[in-house]
Amino acid sequence: MLLTAILLTLIAAVLAAPLSHWLGKYAGWLLWIPLAGAAWALIQAFAGSGGEVIEYYPWIPDFFNVGFHLRLNGLSLVFGLLVLVIGAGVLFYSARYLDRTKITSFYLSMSAFALAMLVLVLANDLMVLYVAWEATTLASFFLIARSGSHARKPAVRTLLVTVAGGLGLLAAVSVMIASTGTTVITEILRSDIWDDSSTVTWLILTLVLAAFTKSAQFPFQSWLPDSMVAISPVSAYLHAAAMVKAGIYLLLLFSPVLAGNTLWLVLLVSSGLITALLGAVAALRRYDLKELLAYSTMSQLGYLVALIGIGTPTALTAAILHTIAHALFKSALFLAVGVIDHEAGTRDMRMLTVRKMAMPATLTIVILGSASMAGIPPLLGFVSKEHLFQAFLGAELPGVLPWVLTGLAVLTAIGTFAYSGRFVLGAMGYYRSPRNWINTPRGLAANRQTVYEAAPSFWAYPAVNASLSLILGVFPFFLADLVSDSATAAVGAHQEVELALWHGINPAFMLSLLVIVVGAIMVWQLPRLEAFLVPRPLAYSGLGAVEKLRQTTIEFGAVVSSWTSGLSPGRHLVWPAALLAGLALTGWFAIDELPAQQENLTRWTDWLLVAVVAVGVIATIRARTRVAAIVVLGTVGFSVTLWFFALGSVDVALTQLMVEILTVVVMVLLLNRLPKTFGKKEKASRSGIIAAVLAGIAAFAGTYALTGRRDMSDPAQYLTEQGTEVTGGNNLVNVILVEFRALDTLGELTVLGVAGVAVAALLASRAPNPVRTAKVLSTSPLTNPHHNSVYLRSLSKIAVPILVVVSLILLFRGHNEPGGGFVGALVTGSAFALLYLAAPADEAAPIRLPYKGLIGTGVALGSAVGVYGLVDGSYLTPIYMDIFGFELNSSLLFDIGVYFAVLGLILGAFNMLGTERGLAETVETPPEPTTGPPGIRKKNSKHSRQREVTS
């Protein structure tokens, strides 16, 4: 059932793009259904489990038994329902909120974020949890950045902070896996590593870093208000119900083993209460309704972190209850602000004073949500706030510390009440600045522009959440079982929670009453309060610190890149060559004594090929024209190809041969954009010579030290002896690439695709040099591209089909004979290269295939084959099939993915580097011949015409 919930959410992500294309912004009215179905699947799974559901699907079993471990307990159920239910509601709401631009990117990123968050809260494997954690970071970055050019810097700043936390989580995950030998979270929580004080200290520091950056806690709080440049649906989902709750979930997940630790308590309680106070004060200084809610979110999250730090069962129960209450009222308020902004054209409370807000439904939502946030009965926020005060009063701390913490919590709650009242007044258009709050002209209301209520489908979902805040506040016992099960998981022991609106007159109730009274006075005196707070900006800001970090990073990158700047390849190569040589020499001197080298390692043919390579290198250096340099450089490549053949590595030799051929073609495409000869400034630079020498030293040291000094390694011996029996394939190179090392190959395939897209983006942003114009001074057929290509066009009609058939044969025979997807694609690429060379002009080349689509298809097919392997073991496990008597396996499909991706990259190079794209120059070409036998002579009054010459 857990996998079903994930698959349903995945369906929403897969359907997001096509539905957005077909239905536009109204795709949200369908995309919410899979998320609602996933929520129902979680409820049914938990209801039938008796308290916990654990599922396991293999992923990488040979690496610490990493699997797609899933677990559903009370804690993950609460957060899973927040992710799915609020996510479904936000998608439904977005159908009315969005305009008609960038619809696909919004729905795709939102669905992907929901999927990542759901996997995160259901993960019972540290590797899965970490991958999902980073996926939420990337999805949130895209959702913020898509809001426009003004959102670029906030998105980058948010990414910097959250990625830093991700590195902290990676460090914690690495330590836990190395210390326990497993990646399963339930087993790690039961291990004895929590008795080692040094390990626990390190884990606390790294886990707290990850959680604080994700949940915007001091000193990492600045990114949350900064990210309010995103649209209201994004803010409601990421920054009220989902993303910021990921940090809270992480803290609750490890609370059973870390609660009571002094460092854990100090860090969480101090940072949480500082964040709560800062957020409350900052909210009273903001005029933008959504920015006010952002700071209030910081404040409320600070409450949650402090409660988790206290760590008592009462505190953890209060944290879970307040998490639910906060998600309901804050999502309702964010979405209500979206309705106001959409209808009124502004969300600045100063601008809303000149509008008459005739929006009874939306303002009712604002009042209910704000009352719950302020802790006014009978809203759910009042119930959770009482439990919060009770937890602080009952903190197991020495002396007066519980009362000190309670006092800080009460002070924050008073600020919460004040900014909640300010939010209501601002949304209703009743806000007045400190100067004219009391003496408002009576005729102002009559002159205000009227803002009418939106359609019911717009405010329906925020109304549901606001209504739930009221219903669950009056009848909180509906949540008792859910909160009890969640508290049991967070505490690590069985908990029975009783929830009620009225617990009698007790200290928590008296504190709540104090908050209401003092908070109401502050709302009454808001003009004077603002007159005191607003003119006093803080000397330092977290946002300024993050911006300084961003600028410093850019400046440092500029300094580093200046070391290799310029057009000289030597400057680019000297640093990596020096590093490589340093590593080689370090390893050389670190070895006391090299093992004896075996005899008869070389043959006379090896020295002959060395001589040919040396001659090619010397000739390349001494070449004075670019064509000559390419020709003699090809000698080096083909000599290496012969060397591979001589050593018996036929697969590698075939690949090297095709790469050399296609490299020459691509270099020719670049040649016609460069001068024919090397200029004086293009001679070998000193840095280039140094780089070459250093690289040669490193290559010699590595070759000499590693060649012929040991027997076959254990992996190599296993592959040679067992490879055929295990895989059924005789071609050892191919089975290593597509079966034993398929995950690594998939990574290389992805890098290949990214390289193709990067080349396309680079050429699109900066056009290459124009093609050199041809000076045509003769009427010879050799100067006419159409006549000159007759031979190639005739040859291509025969050779191209043969090459394509050969490439397919190489593709399908690769499992047992030399071949495979990579070399097959190279052969097909050579066929297209022949077609390209045979065309009289770039525009006439018949290879305008969607190279980006081919690259994407290849990567997607390789990934899909990996998922298919989960059916029989783990990710990318090959599955054998018998189809009409032919034995096939999924590795062939993976190889076809490699074929498509490599072919797409080759075609991209041809199309992008060969096509002139408007840069072609017009030159004069010779007239058609006017002499010849009768009947062939052509009448042509114009002896010259203009045409494009592109290559």
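Reading the values: the criteria
Residues numbered from 1 in each chain as written. Predicted model: local features only at pLDDT ≥ 70, side-chain atom pairs only at ≥ 80, totals over all residues. Heavy atoms only, no water. Helix = DSSP H or I, 4+ residues; strand = E, 2+ residues; numbered from the N terminus. Buried < 20%, exposed > 50% of the residue type's maximum accessible area, 1.4 Å probe, protein only. Core = buried A, V, L, I, M, F, W, Y, C linked by side-chain atoms within 4.5 Å. Patch = residues over 30% accessible without salt bridge, like charges linked within 9 Å, V, L, I, M, F, W, Y side chains within 5 Å. Areas by Shrake-Rupley, 256 points an atom, 1.4 Å probe, with all protein chains shown as cover. Salt bridge = Lys/Arg side-chain N within 4 Å of Asp/Glu carboxyl O. Lys, Arg positive; Asp, Glu negative; His and termini not counted. Charge placed at Lys NZ, Arg CZ, Asp CG, Glu CD. Axes fitted to C-alpha atoms, helices over the stretch in contact; angles between N-to-C directions. Parallel < 35°, antiparallel > 145°, perpendicular 65-115°, else oblique. Left-handed = near helix turned anticlockwise from the far one by under 90°. Contact = heavy atoms within 4.5 Å. Nonpolar A, V, L, I, M, F, W, Y, C, P; charged D, E, K, R; others polar. Phe/Tyr/Trp six-rings, centres within 6.5 Å; stacked < 30°, edge-to-face > 60°. Lys NZ or Arg CZ within 6 Å of the ring centre and 35° of its normal. Arc of directions from axis to C-beta. Pairing = 2+ DSSP bridges. Expected span 1.5 Å × (residues − 1). Polar contact = N/O pair within 3.5 Å; in protein donor to acceptor, adjacent residues only side chain to side chain. pLDDT = per-residue confidence, 0-100.

1. Points about the overall build of the protein chain
Inference 1: A tally of helices and strands in the protein chain yields 38 helices and 10 strands.
Inference 2: For the protein chain, with 951 residues in total, the buried portion stands at 48%.

2. Side note on the nonpolar core
What tends to happen in soluble globular proteins is that the nonpolar side chains get buried as a cluster.
Inference 1: Counting 194 residues, the largest nonpolar core has Tyr 107, Trp 194, Tyr 237, Phe 254 and Phe 392 as its most contacted members.
Inference 2: Per-element accounting of this core gives the leading share, 20 residues, to helix 15 (residues 313-344).
Inference 3: Leu 662, Val 898, Ile 906 and Phe 910 belong to the second largest nonpolar core, which has 43 residues in total.

3. Some thoughts on a negative patch on the surface
Inference 1: Together, Asp 481, Asp 485, Glu 496 and Glu 498 line one region of the surface with negative charge.
Inference 2: Tracing the backbone through its elements, the reader meets Asp 485 in helix 22 (residues 480-491).

4. Looking at unusual backbone geometry
Inference 1: The peptide bond linking Phe 218 to Pro 219 adopts the cis configuration, its omega dihedral lying at 10°.
Inference 2: Notably, Ala 216 is not glycine yet its phi reads approximately 55°, a positive angle.
Inference 3: With respect to the secondary-structure elements, Ala 216 resides in the loop between helix 8 (197-214) and helix 9 (223-226).

5. Brief notes about the packing of helix 13 (residues 262-283) against helix 14 (residues 289-310)
Inference 1: Viewed as axis vectors pointing N to C, helix 13 and helix 14 meet at an angle of 160°, and their least axial separation amounts to 7 Å. Here helix 13 is positioned roughly antiparallel relative to helix 14, judged by the angle of their axes. You can see that helix 13 and helix 14 cross each other, and the crossing is left-handed. Note on element contacts: helix 14 touches helix 13 through Leu 292, Tyr 295, Ser 296, Met 298, Ser 299, Gly 302, Tyr 303, Val 305, Ala 306, Ile 308, Gly 309 and Ile 310, opposite Trp 264, Leu 265, Leu 268, Val 269, Gly 272, Leu 273, Thr 275, Ala 276, Gly 279, Ala 280, Ala 282 and Ala 283.
Inference 2: Across the contact of helix 13 with helix 14, the residue classes break down as 17 nonpolar, seven polar and no charged.

6. Topic: the pattern of salt bridges
Side chains that differ in sign of charge can pair as their charged atoms come close.
Inference 1: Counted under the stated rule, the structure contains nine salt bridges.
Inference 2: Here Asp 348 makes a salt bridge to Arg 350, at a shortest N to O gap of 3.0 Å.
Inference 3: Across the pair Asp 744 and Arg 741 runs a salt bridge, and its minimum N-O distance is 3.0 Å.
Inference 4: With a relative accessible area of 33%, Arg 741 lands in the partly exposed category.
Inference 5: Salt bridges here are not isolated pairs; linked through shared partners, they connect Asp 288, Asp 341 and Arg 347.

7. Comments concerning the packing of aromatic side chains
Inference 1: Enumeration according to the criterion identifies 18 aromatic pairs in this entry.
Inference 2: Where Tyr 93 meets Tyr 97, the ring centres are 5.9 Å apart and the plane angle is 20°; that geometry is what we call stacked. Placement of both Tyr 93 and Tyr 97 in helix 3 (residues 74-97) is noted, with a separation of four residues, approximately one turn of the helix.
Inference 3: Given the relative accessible area of 0%, Tyr 93 is considered buried.
Inference 4: On the numbers, 6.0 Å between centres and 75° between planes, the contact of Phe 475 with Phe 477 is edge-to-face.
Inference 5: Chaining the aromatic ring pairs together yields one cluster made of Tyr 26, Trp 29, Trp 32 and Phe 92.
Inference 6: When the ring centre of Tyr 287 is taken as origin, the NZ or CZ atom of Arg 350, which lies over that ring, is 4.0 Å away.

8. Quick look at helix 24 (residues 526-533)
Inference 1: Of all the positions in helix 24, only Leu 526, Pro 527, Leu 529, Glu 530 and Leu 533 are classed as buried. All buried residues of helix 24 project into a common sector of 160° when viewed along the axis, lining one side.
Inference 2: If you follow the buried residues of helix 24, they end up packed against helix 13, helix 19 (401-427) and helix 23 (507-524).

9. Brief notes about the environment of Pro 770
Inference 1: Along the polypeptide, Pro 770 turns up in the loop between helix 33 (742-765) and helix 34 (785-788).
Inference 2: You can call Pro 770 partly exposed: its relative accessible area is 39%.

10. With respect to the packing of helix 3 against helix 15
Inference 1: For the pair helix 3 and helix 15, interaxial distance at closest approach is 11 Å and the crossing angle is 10°. Between helix 3 and helix 15, the angle falls in the class roughly parallel. Where helix 3 approaches helix 15, its residues Leu 75, Val 78, Phe 79, Leu 82, Ile 86, Val 90, Tyr 93, Arg 96 and Tyr 97 are matched on the opposing element by Ile 320, Thr 323, Ile 324, Ala 327, Ser 331, Leu 335, Gly 338, Val 339, Asp 341 and His 342.
Inference 2: Among the residues making up the contact of helix 3 with helix 15, the classes are represented as 13 nonpolar, four polar and two charged.

11. Description of the environment of Ser 331
Inference 1: Structurally, Ser 331 can be placed in helix 15.
Inference 2: Take Ser 331: its relative accessible area is 0%, and that puts it in the buried class.
Inference 3: The sequence separation of Ser 331 and Leu 293 amounts to 38 residues, and the corresponding C-alpha distance is 9.9 Å.

12. Section: a nonpolar patch on the surface
Inference 1: Together, Val 464, Leu 468, Leu 470, Ile 471, Val 474, Phe 475, Phe 477 and Phe 478 give the surface a local cluster of nonpolar side chains, amounting to about 670 Å² of exposed area.
Inference 2: With respect to the helices and strands, Leu 468 occurs in helix 21 (residues 456-474).

13. A look at the pairing of strand 5 (residues 355-358)
Inference 1: By the alternation rule, side chains of strand 5 split into Arg 355 and Met 357, which are all buried, and Lys 356 and Ala 358, of which none is buried.
Inference 2: Here four bridges tie strand 5 to strand 6 (residues 449-452), and the two strands are oriented parallel to one another. Bridge pairing in strand 6 links Met 357 to Val 451.

14. Side note on the side chain of Ser 639
Inference 1: Within the element layout of this structure, Ser 639 appears in helix 28 (residues 626-646).
Inference 2: Judged by its relative accessible area of 4%, Ser 639 is buried.
Inference 3: With sequence-adjacent residues up to four places away left out, Ser 639 is seen in contact with Leu 609, Val 612 and Val 613.

15. Some words on helix 17 (residues 360-374)
Helical geometry note: an α-helix holds 3.6 residues per turn, so side chains three or four residues apart project in the same direction.
Inference 1: End to end, helix 17 covers 21 Å across 15 residues, agreeing with the expected 21 Å (1.5 Å per residue, within 8%).
Inference 2: Buried within helix 17 we find Ala 361, Thr 362, Leu 363, Ile 365, Val 366, Gly 369, Ser 370, Ala 371, Ser 372, Met 373 and Ala 374.
Inference 3: Along its buried surface, helix 17 packs onto helix 14, helix 15, strand 5, helix 18 (380-393), helix 19 and helix 21.
Inference 4: Trailing helix 17 by a residue or two, Gly 375 shows a phi angle of about 80°, which is positive.

16. Quick notes on the environment of Thr 586
Inference 1: Inspection of the secondary structure assignment puts Thr 586 in helix 26 (residues 569-590).
Inference 2: Within the local environment of Thr 586, its side chain forms a polar contact with the backbone oxygen of Gly 582, the two atoms lying 2.6 Å apart.

17. Some points on the side chain of Thr 162
Inference 1: With respect to the element layout, Thr 162 can be found in helix 6 (residues 152-180).
Inference 2: For Thr 162, a relative accessible area of 1% gives the class buried.
Inference 3: Aside from chain neighbours lying at most four places away, what touches Thr 162 is Thr 137, Thr 213, Trp 223 and Met 243.

18. What about the confidence of the model for the protein chain?
Inference 1: Mean pLDDT over the protein chain stands at 83; residues scoring 70 or higher make up 88%.
Inference 2: A low-confidence stretch, residues 435-446 stays under pLDDT 50, and its non-local contacts, those more than four residues away or across chains, total eight contacts.
Inference 3: Counting contacts from residues 917-951, a segment whose pLDDT is below 50, to residues more than four positions away or on other chains yields 52 contacts.

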